[in-house]
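This is what each chain is made of:
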Amino acid sequence: MAERLLTTSKAIAEAIAQEMERDERVFVMGEDVGAYGGIFGATEGLLEKFGPERVMDTPISEMGFIGAGVGAAIEGMRPVVELMFVDFFGAAMDQIYNHMAKIHYMSGGRVNVPMVLMTAIGGGYSDAAQHSQCLYGLFAHVPGLKIVVPSTPYDAKGLMIQAIRDEDPVMYFFHKGVMGLGWMTPNPRATGPVPEEPYTVPFGQAAVRREGTDLTILTLSLMVHRSLDAAEKLAEEGISAEVIDLRTLVPLDRETIVESVKKTHRVMIVDEDYKSFGMSGELATIVVEEALDYLDAPPKRLAVPDTPIPYSRPMEQFVIPSVDRIAEAARELVTS
Amino acid sequence: MAERLLTTSKAIAEAIAQEMERDERVFVMGEDVGAYGGIFGATEGLLEKFGPERVMDTPISEMGFIGAGVGAAIEGMRPVVELMFVDFFGAAMDQIYNHMAKIHYMSGGRVNVPMVLMTAIGGGYSDAAQHSQCLYGLFAHVPGLKIVVPSTPYDAKGLMIQAIRDEDPVMYFFHKGVMGLGWMTPNPRATGPVPEEPYTVPFGQAAVRREGTDLTILTLSLMVHRSLDAAEKLAEEGISAEVIDLRTLVPLDRETIVESVKKTHRVMIVDEDYKSFGMSGELATIVVEEALDYLDAPPKRLAVPDTPIPYSRPMEQFVIPSVDRIAEAARELVTS
Amino acid sequence: MALSKEQLLDMYRMLVKIRTFEERVGEIYYEGKLPAFDIAAGPIPGEMHLYTGQEAVATGVCAHLRPDDPVTSTHRPHGHLIAKGVDLKAMMAEIFGKKTGLCKGKGGHMHLFDPTLHFGCGGIVGGGIPHAVGAALAIKKRGEDRVAVSFFGEGAANIGAFHESLNLAAIWNLPVVFVVEDNLYAISVPKSKSTAVRSNAERGVAYGIPGVQVDGQDVIAVYEAAGEAIDRARRGGGPSIIEAICYRFRGHFEGDAEKYLPPGEKEKWRQKDPIHILGNQLKQQGWLSDEEAAAIQDEMTALVREAEMFARESPYPAPEEALEDVFVNL
Amino acid sequence: MALSKEQLLDMYRMLVKIRTFEERVGEIYYEGKLPAFDIAAGPIPGEMHLYTGQEAVATGVCAHLRPDDPVTSTHRPHGHLIAKGVDLKAMMAEIFGKKTGLCKGKGGHMHLFDPTLHFGCGGIVGGGIPHAVGAALAIKKRGEDRVAVSFFGEGAANIGAFHESLNLAAIWNLPVVFVVEDNLYAISVPKSKSTAVRSNAERGVAYGIPGVQVDGQDVIAVYEAAGEAIDRARRGGGPSIIEAICYRFRGHFEGDAEKYLPPGEKEKWRQKDPIHILGNQLKQQGWLSDEEAAAIQDEMTALVREAEMFARESPYPAPEEALEDVFVNL
Ligand SMILES: Cc1ncc(C[n+]2csc(CCOP(=O)(O)OP(=O)(O)O)c2C)c(N)n1
Ligand SMILES: Cc1ncc(C[n+]2csc(CCOP(=O)(O)OP(=O)(O)O)c2C)c(N)n1
Ligand SMILES: [Mg+2]
Ligand SMILES: [Mg+2]
């Protein structure tokens, strides 16, 4: 039978729909998740299927409705809440990190907060400093949140179902550039095979997207695609890059990372989040802690160079890692 | 002449008072900064000296008054705003990182936001998960904020004066345990010599608090004191630890860090913030990027092990680095 | 709906229970901390916000609540949790940081959770208000007749979460009652300097919900206002806001020098002690003798003493237990 | 205070100026993006929120403002900035992402700053409201007679920053006017589903400040309400809130399919075009002929064309300029 192809956004919407069918406790809430279908399509079709009681448009009150999600989860519901852009987290951070993330711990494990907070990340289309950030590194820093960052339609569905069934609070970050939206710069890998039946992708298991021997690229989300494109180029030049898609940052699959680096002896981290005090430093440190003797060169980092995201195209393309700059950095790394 | 001794909290209050005298544009606002004098004494005596127009108690409205600080700074004032505990940043984060930090950049450098946001950090006295965090690593991750974390009364004054005179937004983190408060566990180094006249301590210059040859300890804030106490113990055992007080994370004094590690060949980061995706990984990575060949062992990290801060004393003391655990980790490092 | 003797005596007992608990915690708190006060020392370390003086609010409201009615509280939570019916032993053990505590020692005085009572609280001002809205949303989705109650201070009514929560509750017509305890201060900042209107009850206008201000020292007044609001919510009539004017007798937290208080203010309010007010009414009615009052006090003292002994004798958690309970599964 | 012919004609010219700018930006926006719409392509990439239809609000309010009166705006800022008196060339160049733009290409359509006009805006709903409060605080501290104005949508009136800002402005009696542009929707969510009261003007009650609702398509009505509020603020009379009922003629942003609109609604509102409303009044008064109206349109078309040419011909910033302006000094 021919494989069924879906975009990532449709895969997410399907995952939520299937869980809503399976479990009455699941409901969706957020800005424009109803008639609009979610600005990035993650809830498209849900209002029509489930009605406004289970697919709730909210006022612009992120602290209020994310906090209400926490309260509803404590009372036994399974809210899937959308924060339209991750950039808006500042309007709700108290509920996210002091409550959603900590109540299980503070209660000595007696209260669960089984809630999914999904949000759009990423730039590259001139949406500037307040609508283009990734920030998964920031959320991974504070304890109590599972951090999920899919890159493919298949994973997007399986990780969303896992997230909804998970007993812990999950932050689910979808990159606008992997959603397969008609109005974003086309990304052929944003459409891919997605089984119709529900399935889960477990947390804490990275995927080796391409095997290689000369260097390991650790990355996630849209940067998986750019790294694979760069690896293609590099292959033509005789450089063999292994590309690892981390899929979740918390829990983190250290084993796959360390195994790969022990094989290739060189590692590069490609990250669309800000460079300093974030993901790239953490991954580099883990590699050094666990495989220092295997390294032929210091870990290399390619990330947003600690500037806000500028609006104008030449500047924006300069700060966000591109296929060319990934390839160039990889070349530098293998010859160092 | 005998040196004048002040506690850190009095040094901070004096710095603010002197700047208020020098510059009419400087004013203070925050919760309980007036009659109460600031919960941690950072504004003690200011109301009496300057009156309620310049020392303003605010309602509990962190988004509102921090945002008002931004607006006042743009209009040419020099607000010193207190966020009572850093743990409450979630109620105001949008104003901090999307506005205070980014407006200068987004305006193409045409608008300045010369504002100081000071806040209390740290645990160790059973204030539990929502009142004990450090989080400087989280703020250092987002671009546009200068990150100042003093450990001594002398630095506290000089860095505060620098912060107020600085044209950029500054986040100033004082640890409750270095303030020299009568009601906190005594810390003899929380009282120290402080010149009466105004002076500045420049940003981006770490201080070597103790010279050593066997390992470098990179740290800041209260952990400087604990590391010095640990170094004392270690010295008795013949281990010579160099202790570096970073003082500011943004800008960061890479040179002093790298020079020290090139000398000692071993580095340990002692951090009261959460371990993963934060300061400890960043510093370890910088060392590896710039001095891999000098390292005799992987960098070691001692930090809060990715748990919220528990209330009960035995658990809390277990997660926050102690003098004994610093010494123990140092021993492990030098023998590895 | 005139209150019966039994109802009034139950409330009287609750007032005394809360007071006795709080005053005893206030004593124990200073153990090991003096002569040089060290906040980290003693059997009860950390900050301590006691509810003494405000007992009528928790008591009058919670008298209408069932165990399965969700309640969210604040940094000053003891009164609400006791009025909700908590086991004092587990509560006291938590405040002592013991393994037998409600939260195995992880939460402490400001972070008390009792899922059997649908009770939660926390140290972030305004943090609990949206949770009550979410609990009410869950209730409405399931068609249950439970009601959520959120307690918070007049200081909290100035934070954004208050506004967002009241608006959500109103547009969704949720079964939730917002109880503002106006004890005149947020730490040192008086309401007159922090709140643009005299009464938060008036702020109901901004959400189209009923608001009422009551004398929070008078448990009967609280009981009546709360009854109306809670009944309305239970019958699907939507949210309400109640502001209860009260006073904290012990300062914001233990150690507060209260430099900000106008002279004589506290003494004046001490005259309006909720226990005396109800006690006098009961005595005038002939429903409470001095001996009966003393017996109630003795009973509560014994209960609190028992909780204290349990807490003292319980073991501390092992240090490594700190690593547990971050996630349900990882 | 009857408006003179000159005043009315100035406002008419401003309405046309804003409209002409917006409609031209709306055309240019699709250059390079079609047939397959790619938001990242063309001379103006990114999101685009146009002000067409709401011109009377910015015009009627800003007619009272001086260049040194601070104004904060939103993700839909063009109208406010033009009414404030910006140089269209620098503004258009910024929207094109050019080095000659107001913000050297770093800000773009949603992040326009003009310090000479004390103007700022941003993409976070509610983000600008506290800035206006802070600006007003600076004004009051200095004893100046300037007034700060914050424009925002009816959707923004449900976010916490709104509540905190109005409360601060009220307790500190600051010279600030809050202008809610109620265009009926926050993206797809109608006010009836997001706001618990009919009018945000009523929410002034929660802060003890005057509130008034006006017809936002009628520039004279806006002018009069704004005049009263701004004059009061200038004279030290404190803050006010104005809600102007208006309508956006082009969808939330370009590309919005507007599936959520009831059929016929937009057409009905299109009848209430602010330019036609004022134009007809002027014509009835004999103060504007068809020829004069056409001349005004031509003048504005030329101005906008000039700005466009300037923007097109200006160079892009060099990629490395991205690294500048993070700090004033490091
Ligand atoms: C968001 C936030 N801001 C500030 C604080 C510090 N704080 C703790 S209690 C308190 C005063 C609260 O006043 P109110 O709400 O009136 O309650 P009360 O203490 O009077 O019971 C403050 C400012 C906090 N915990 N959380
Ligand atoms: C804090 C925050 N939440 C959500 C958004 C996404 N968003 C942008 S504009 C908008 C609608 C705003 O509605 P309104 O305030 O009425 O202004 P209008 O667009 O109608 O002019 C939303 C939800 C945002 N930018 N910021
Ligand atoms: Mg109070
Ligand atoms: Mg609107």
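Everything below is about the structure shown above.
These figures come from a predicted structure and were not determined experimentally.

So, how was this worked out
- Residues numbered from 1 in each chain as written.
- Chains lettered and ligands numbered in written order.
- Predicted model: local features only at pLDDT ≥ 70, side-chain atom pairs only at ≥ 80, totals over all residues.
- Heavy atoms only, no water.
- Donors = N, O, S within 2.8 Å, 3.2 Å for Na, K, Ca; no water.
- Buried < 20%, exposed > 50% of the residue type's maximum accessible area, 1.4 Å probe, protein only.
- Contact = heavy atoms within 4.5 Å.
- Buried area = accessible area lost by both parts, 1.4 Å probe.
- Salt bridge = Lys/Arg side-chain N within 4 Å of Asp/Glu carboxyl O.
- Helix = DSSP H or I, 4+ residues; strand = E, 2+ residues; numbered from the N terminus.
- Nonpolar A, V, L, I, M, F, W, Y, C, P; charged D, E, K, R; others polar.
- Pairing = 2+ DSSP bridges.
- Axes fitted to C-alpha atoms, helices over the stretch in contact; angles between N-to-C directions.
- Least-squares fit on C-alpha atoms with pLDDT ≥ 70 in both.
- Phe/Tyr/Trp six-rings, centres within 6.5 Å; stacked < 30°, edge-to-face > 60°.
- Disulfide = S-S within 2.5 Å.

*Asks:* So what exactly am I meant to see when it comes to the coordination of the magnesium ion (ligand 3) here?
*Replies:* Reference values for angles at a metal are 109.5 degrees in the four-donor tetrahedral case and 90 or 180 degrees in the six-donor octahedral case. Residues and elements named next belong to chain C. Protein-derived ligands of the magnesium ion (ligand 3) are Glu154 (OE), Asn183 (OD1) and Tyr185 (O), with the metal-ligand distances lying across 2.0 to 2.1 Å. Written as a sequence motif, the donor residues of the magnesium ion (ligand 3) are E-x28-N-x1-Y. With respect to burial, asparagine 183 and tyrosine 185 carry one shared label: buried.

*Asks:* Is there a simple way to think about the interface of chain B and chain A in this case?
*Replies:* For interface size, the figure often reported is the accessible area lost on association. Facing 51 residues of chain B, the contacting portion of chain A comprises 51 residues. When chain B packs against chain A, the two sides together hide about 4,300 Å² of surface, and 65% of this comes from carbon and sulfur. Contact with chain A buries area across many residues of chain B, yet Tyr105, His141 and Phe277 of chain B alone supply 21% of it, more than any other trio. Run the count over chain B and chain A and you get four salt bridges. Between glutamate 289 of chain A and arginine 301 of chain B there is a salt bridge, and its shortest N-O distance comes to 2.8 Å. When contributions to the side of chain B that touches chain A are tallied by element, the ones reaching two or more residues are helix H4 (93–100), helix H5 (103–106), helix H6 (136–141), strand E13 (267–274) and helix H10 (279–291) of chain B. Split into classes, the residues belonging to the side of chain B that touches chain A amount to 30 nonpolar, twelve polar and nine charged.

*Asks:* How should the coordination of the magnesium ion (ligand 4) be read in this particular structure?
*Replies:* Protein coordination at the magnesium ion (ligand 4): the donors are Glu154 of chain D (OE), Asn183 of chain D (OD1) and Tyr185 of chain D (O), at 2.0 to 2.1 Å from the metal. Mapped onto the sequence, the donors of the magnesium ion (ligand 4) take the spacing E-x28-N-x1-Y.

*Asks:* When you look at the sheet that holds strand E12 (residues 248–250) of chain B in this model, what are you seeing that I'm missing?
*Replies:* Backbone-to-backbone hydrogen bonds pair the strands of a sheet. The strands run either parallel or antiparallel. All names here are of chain B. Spatially, the seven strands line up as an open sheet ordered E3-E2-E4-E5-E7-E6-E12, and their pairing is mixed. Each edge of the open sheet carries a strand with a single partner, namely strand E3 (55–57) and E12. Mean inter-strand twist for the sheet, computed between neighbouring axes without regard to direction, equals 20 degrees. Examined bridge by bridge, strand E5 (residues 116–121) and strand E7 (residues 170–175) share six bridges and lie parallel to one another. Bridge assignment links threonine 119 to a residue of E7, and that residue is phenylalanine 173.

*Asks:* What is the right way to read the relation of the copies chain B and chain A from this model?
*Replies:* What relates the two chain copies is a rotation about an axis together with a slide along it. Rotating chain B by 180 degrees and moving it 0.0 Å along the rotation axis overlays it on chain A with an RMSD of 0.0 Å. Such a combination of turn and shift is consistent with a two-fold rotation axis. Relative to the rotation axis, the C-alpha of glycine 281 of chain B is the closest in chain B, positioned 2.5 Å from it. Looking at chain B, 100% of its interface residues are interface residues in chain A too, so the copies touch through the same face.

*Asks:* Explain the packing of aromatic side chains to me, please; I cannot follow it from the model alone.
*Replies:* Residue and element names in this part refer to chain A. If you walk through the whole model with that rule in mind, you get 32 aromatic pairs over all chains. Between the aromatic rings of phenylalanine 40 and tryptophan 183, the centroid separation amounts to 5.9 Å while the plane-to-plane angle is 25 degrees, which identifies the pairing as stacked. One end of the pair, phenylalanine 40, is in the loop between strand E2 (26–30) and helix H2 (46–50); the other, tryptophan 183, is in the loop between strand E7 (170–175) and strand E8 (191–193), and 143 residues separate them in sequence. A residue is classified by how much of its surface remains accessible, and phenylalanine 40, at 1% relative accessible area, is buried. Taken together, the ring pairs in this structure connect Phe40, Phe85, Phe88, Phe174 and Trp183 into an aromatic cluster.

*Asks:* Whenever I open this one, the state of the cysteines confuses me. Can you help?
*Replies:* By definition, a disulfide links the sulfur atoms of two cysteine residues through a covalent bond. Evaluated as defined, the whole model comprises zero disulfides over all chains. Counting only cysteine sulfurs, cysteine 121 of chain C is the nearest neighbor of cysteine 103 of chain C, a cysteine outside any disulfide, at a range of 7.9 Å.

In short, shape yes, function no, at least from these values alone.
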